[in-house]
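This is what each chain is made of:
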Amino acid sequence: QDLHSPLAVLKAPSSPRQEFPADWSIKTRVLFMSSQPFTWAEHLKAQEEAQGFAQHCRAAQTPLPQSVQEPRLCPELRCAFQQSLVYWLHPSLPWLPLFPRLGADRSMAGKACPWAQDDALQQVLMSDWSLSFTSLYNLLRARLCPYFYVCAAQFSVLFRAAGLAGSAVPTAAIAPTTRGLRQAMRSEGIEFSLPLLEESRTRRQKGSEESLESETADGLGGGSSVEDAGEPAPSDEDDDGSFSWLEEMGVQDKVKKPDTISIQLRKEKHEVQVDHRPESLVLVRGSNTFTLLNFLISCRSLVAVAGPQAGLPPTLLAPVAFRGGTMQTLKVR
């Protein structure tokens, strides 16, 4: 409920609460279990459904009674339930499953895609999508939208407003990423970090140091190094082309020196290995999120060029209304 309140992002809790951290990944299903039956949530009256929609559009919180003796006789509870099922989607194509987009080629195969071979129609779709994307970002910056998702065929992006996830500035998380995407972001001047990769390296280095200290204390420290526990980071000393020690031995002409490409590939070895993995998650903060917005609008890899998703703009998912967004409701059983 706090996440959907426009005012929730304006103030942080005064003291940490004992609860599970938020899971920001989006799911396709959720199962609730209770000792009490859920029959009160079935067959909502037309007035209750309409009231739930109206309260959602007005971002109004439904005051619930302190105790509910008979849920089926509590219209406030049923209206609030309907209100909590609403989300906003763009684009809206009823015959296509627009989420999830990762690995959705099979579910989209055989569906009608009139834009796949029509460049003019693709440009119209992307232009309309860009307006909706920009509208959502403006709502986020104004703290009127707490978060939203951009779900593309190759990766997903989570934008979060300032005040969420312990950050005083807006943030954007992209996963999974590839070296090519990260290099393109660097070329556009987008500053980012790889928090999961950095955390993994820190944890591995700490474990290596503890292991080294333990072996040294046991008198076995001479045969191991810190780098044995993981892959060593590329050394700058070997990249300067200095092979003076070969000249001293008189064998400099017999040893093949690595060329510039080989040195560059070795430098990039560790970065390439995390491609498509959870550790490839990229975190963008502050004003860089606006640069990311413009980058994504013009990013060629954002839209598939072949397959069932060819020419289809990414799916925008948000908990609040935005320009071009279509109201949807979750299916309940």
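Remember, predicted model here, so these are calculated numbers, not experimental data.

Once that is clear, we can look at helix α9 (residues 288–298). For α9, the complete set of buried residues consists of N288, T289, L292, L293, F295 and L296. Where α9 is buried, its residues touch α4 (119–141), β3 (156–160), β4 (171–175), α5 (179–187) and β6 (282–285).

Checked against the element boundaries, H90 lands in strand β1 (residues 86–90). The buried category is assigned to H90, whose relative accessible area is 6%. Among the polar contacts listed, one links the side chain of H90 to the backbone oxygen of G324, at a separation of 2.9 Å. Other than its neighbours up to four places away in sequence, H90 contacts D128, W129, S132, P314, T315, L316, F322, G324 and G325.

The buried fraction of β4 amounts to 4 of the 5 residues, a majority that puts the element mostly inside the structure. Alignment of β3 against β4, held across 5 bridges, turns out to be antiparallel. What sits directly across from L158, in β4, is A173. Of the pairings in the sheet, the one linking β4 to β6 comprises 4 bridges and is antiparallel in character. In the strand pairing of β6, I174 is matched with V282.

Here we take up the confidence of the model for the protein. Counting all residues, the mean pLDDT for the protein is 81, and 75% of those residues have values of 70 or more. Segment residues 220–240 is flagged for pLDDT under 50; beyond a separation of four residues in sequence, or across chains, it makes 25 contacts in the model.

A separate point is the packing of α4 against α9. Relative to each other, α4 and α9 sit at 170 degrees, their axes nearing to 11 Å. Here α4 is positioned roughly antiparallel relative to α9, judged by the angle of their axes. In this structure, α4 uses M126, W129, S130, F133, T134 and Y137 to contact α9, whose residues at the interface are T289, F290, L293, L296 and I297. Class assignment for the residues of the contact of α4 with α9 results in 8 nonpolar, 3 polar and no charged.

What follows covers the environment of S92. Mapped onto the fold, S92 is located in the loop between β1 and α3 (105–108). According to the relative accessible area criterion, S92 is partly exposed, its value standing at 29%. Residues S92 and M327, 235 residues apart in the sequence, show an inter-C-alpha distance of 9.2 Å. Dropping the residues within four chain positions of it, S92 is found in contact with L98, T326 and Q328.

Definitions and cut-offs
Residues numbered from 1 in each chain as written. Predicted model: local features only at pLDDT ≥ 70, side-chain atom pairs only at ≥ 80, totals over all residues. Heavy atoms only, no water. Buried < 20%, exposed > 50% of the residue type's maximum accessible area, 1.4 Å probe, protein only. Helix = DSSP H or I, 4+ residues; strand = E, 2+ residues; numbered from the N terminus. Contact = heavy atoms within 4.5 Å. Polar contact = N/O pair within 3.5 Å; in protein donor to acceptor, adjacent residues only side chain to side chain. Pairing = 2+ DSSP bridges. pLDDT = per-residue confidence, 0-100. Axes fitted to C-alpha atoms, helices over the stretch in contact; angles between N-to-C directions. Parallel < 35°, antiparallel > 145°, perpendicular 65-115°, else oblique. Nonpolar A, V, L, I, M, F, W, Y, C, P; charged D, E, K, R; others polar.

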